[in-house]
Amino acid sequence: MPNAKRYPVIVGVSGASGALLAGRAIERLLERQQPIELVSTPSARIVWKQETGTSWADAVKRWQETGLITEHNPNNQAATIASGSYPVQGMLIIPCSMGTVAALAAGFATNLLLRAADVTQKESRRLVIVPRETPLSTVHLQNLLTLSQRGIRIVPPMPNFYQRPTTVDEIVDFVAARALVALGVAGELDESQQWSGIELD
Ligand SMILES: Cc1cc2nc3c(=O)[nH]c(=O)nc-3n(C[C@H](O)[C@H](O)[C@H](O)COP(=O)(O)O)c2cc1C
């Protein structure tokens, strides 16, 4: 029987701000030799270009050199990850747009990212989302509550101010690590990201 740890995780990248979060989460998984099934939406690719100045295709090509990444066409509802019979450990959507949050809440599966998330839920596998929008409207919050009540883990990209980050990189690292811990596949936070406590006077 294959080692369960080697089953892939699905990483979905949607068109919310926070392209760096997706990049860091993917890199962190690859550093741990974790196979990834990757699916991004057309909007995610636009945001990636805007926020990194590089093309999504070039980034994927670089990651694919590890031999650990399988990228899927978001229109391909016949891809492996569209079926619950394909073994995966769980799914992370990072960043997760409010459009994708709404579709998840309503149960739409109109692209492969949404279908994979739908399958993840029906198979009772772990689903973690990193939703990004500000401010949040009532409908955003209602949709997020619906998802939380279904057991979806919600890890908003909120900085760890208490550890006094001084760079965007540090914040990105922290959020990506938090999301992967929630997914349960990437061990623990690095020591520098763990709270070491305060002694009261
Ligand atoms: C530069 C840029 C930044 C965006 N940031 C956000 C965001 O932070 N949150 C969000 O919900 N939508 C954001 N959007 C809008 C989404 O990309 C848009 O609603 C899209 O239809 C989402 O589709 P998807 O969920 O299929 O990726 C942004 C769009 C652009 C171009």
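Described below are features of the structure shown in this document. What you see is a predicted model, and the numbers here were worked out from it, not measured in a lab.

**Brief notes about the pairing of strand β1 (residues 9-13)**
Here is step 1: Of all the five residues making up β1, five are buried; the element is thus mostly covered by neighbouring parts of the structure.
Here is step 2: Here β1 shows two buried faces, one formed by V9, V11 and V13 and the other by I10 and G12.
Here is step 3: Pairing of β1 with strand β2 (residues 36-40), which is carried by five bridges, proceeds in the parallel orientation. Residue pairing across strands places V11 opposite L38, the latter belonging to β2.
Here is step 4: With helix α1 (residues 19-31) bridging β1 and its parallel neighbour β2, the resulting β-α-β unit is right-handed.
Here is step 5: Inspection of the sheet shows β1 paired to strand β4 (residues 90-96) by three bridges, in the parallel sense.

**What to know about the pattern of salt bridges**
Here is step 1: According to the stated counting rule, one finds nine salt bridges in the structure shown.
Here is step 2: Across the salt bridge formed by D118 and R115, the nearest N and O atoms sit 3.9 Å from each other. One end of the pair, D118, and the other, R115, are both in helix α5 (residues 112-122), three residues apart, so they sit about a helical turn from each other.
Here is step 3: The residue R132 makes a salt bridge to E133 at a minimum N-O spacing of 3.7 Å.
Here is step 4: Look at E133 and you get partly exposed, because its relative accessible area is 35%.
Here is step 5: One continuous salt-bridge network, built from bridges that share partners, spans R24, E27, E31, R32 and D173.

**Side note on the environment of E123**
Here is step 1: Relative to the assigned elements, E123 resides in the loop between α5 and β5 (126-131).
Here is step 2: Taking the C-alpha atoms as reference points, E123 and G18, 105 residues apart in sequence, are found 28 Å from one another.

**A word on the sheet that holds strand β6 (residues 153-154)**
Note on sheets: strands pair through backbone hydrogen bonds, and any given pair is parallel or antiparallel.
Here is step 1: Strand order in the open sheet formed by six strands is β3-β2-β1-β4-β5-β6, and the pairing between neighbours is parallel. At either margin of the open sheet sits one strand with a lone partner, and together these are β3 (69-72) and β6.
Here is step 2: In this fold helix α3 (residues 56-64) packs onto β1, β2 and β3, with an angle of close to 150° to the strand it touches most, β3.

**Overview of helix α6 (residues 138-149)**
Here is step 1: The end-to-end C-alpha distance of α6, which contains 12 residues, comes to 16 Å, matching closely the 16 Å that a straight helix rising 1.5 Å per residue would cover.
Here is step 2: Looking at the packing, one finds that the buried side of α6 touches α4 (98-106), β5 and β6.
Here is step 3: Backbone geometry just downstream of α6 places G151 in the positive-phi region, at approximately 95°.

**Some points on the site of the ligand**
Here is step 1: As a structural note, the neighbourhood of the ligand is formed by S14, G15, A16, S17, T41, S43, V47, S97, M98, T100, R132 and E133.
Here is step 2: M98 places a main-chain nitrogen or oxygen 2.7 Å from an oxygen atom of the ligand.
Here is step 3: Between the ligand and E133, the relevant distance is 3.3 Å, taken from a nitrogen atom to a side-chain nitrogen or oxygen of the residue.
Here is step 4: Contact with the protein chains covers 64% of the free accessible surface of the ligand, which is 640 Å².
Here is step 5: Contributions of two or more residues to the shell around the ligand are made by α2 (42-52) and α4.
Here is step 6: Taken together, the residues of the shell around the ligand break down into three nonpolar, seven polar and two charged.

Procedures and definitions
- Residues numbered from 1 in each chain as written.
- Predicted model: local features only at pLDDT ≥ 70, side-chain atom pairs only at ≥ 80, totals over all residues.
- Heavy atoms only, no water.
- Buried < 20%, exposed > 50% of the residue type's maximum accessible area, 1.4 Å probe, protein only.
- Helix = DSSP H or I, 4+ residues; strand = E, 2+ residues; numbered from the N terminus.
- Pairing = 2+ DSSP bridges.
- Right-handed = clockwise from strand over helix to strand, strands pointing away.
- Salt bridge = Lys/Arg side-chain N within 4 Å of Asp/Glu carboxyl O.
- Contact = heavy atoms within 4.5 Å.
- Axes fitted to C-alpha atoms, helices over the stretch in contact; angles between N-to-C directions.
- Expected span 1.5 Å × (residues − 1).
- Near = heavy atom within 4 Å.
- Polar contact = N/O pair within 3.5 Å; in protein donor to acceptor, adjacent residues only side chain to side chain.
- Areas by Shrake-Rupley, 256 points an atom, 1.4 Å probe, with all protein chains shown as cover.
- Nonpolar A, V, L, I, M, F, W, Y, C, P; charged D, E, K, R; others polar.

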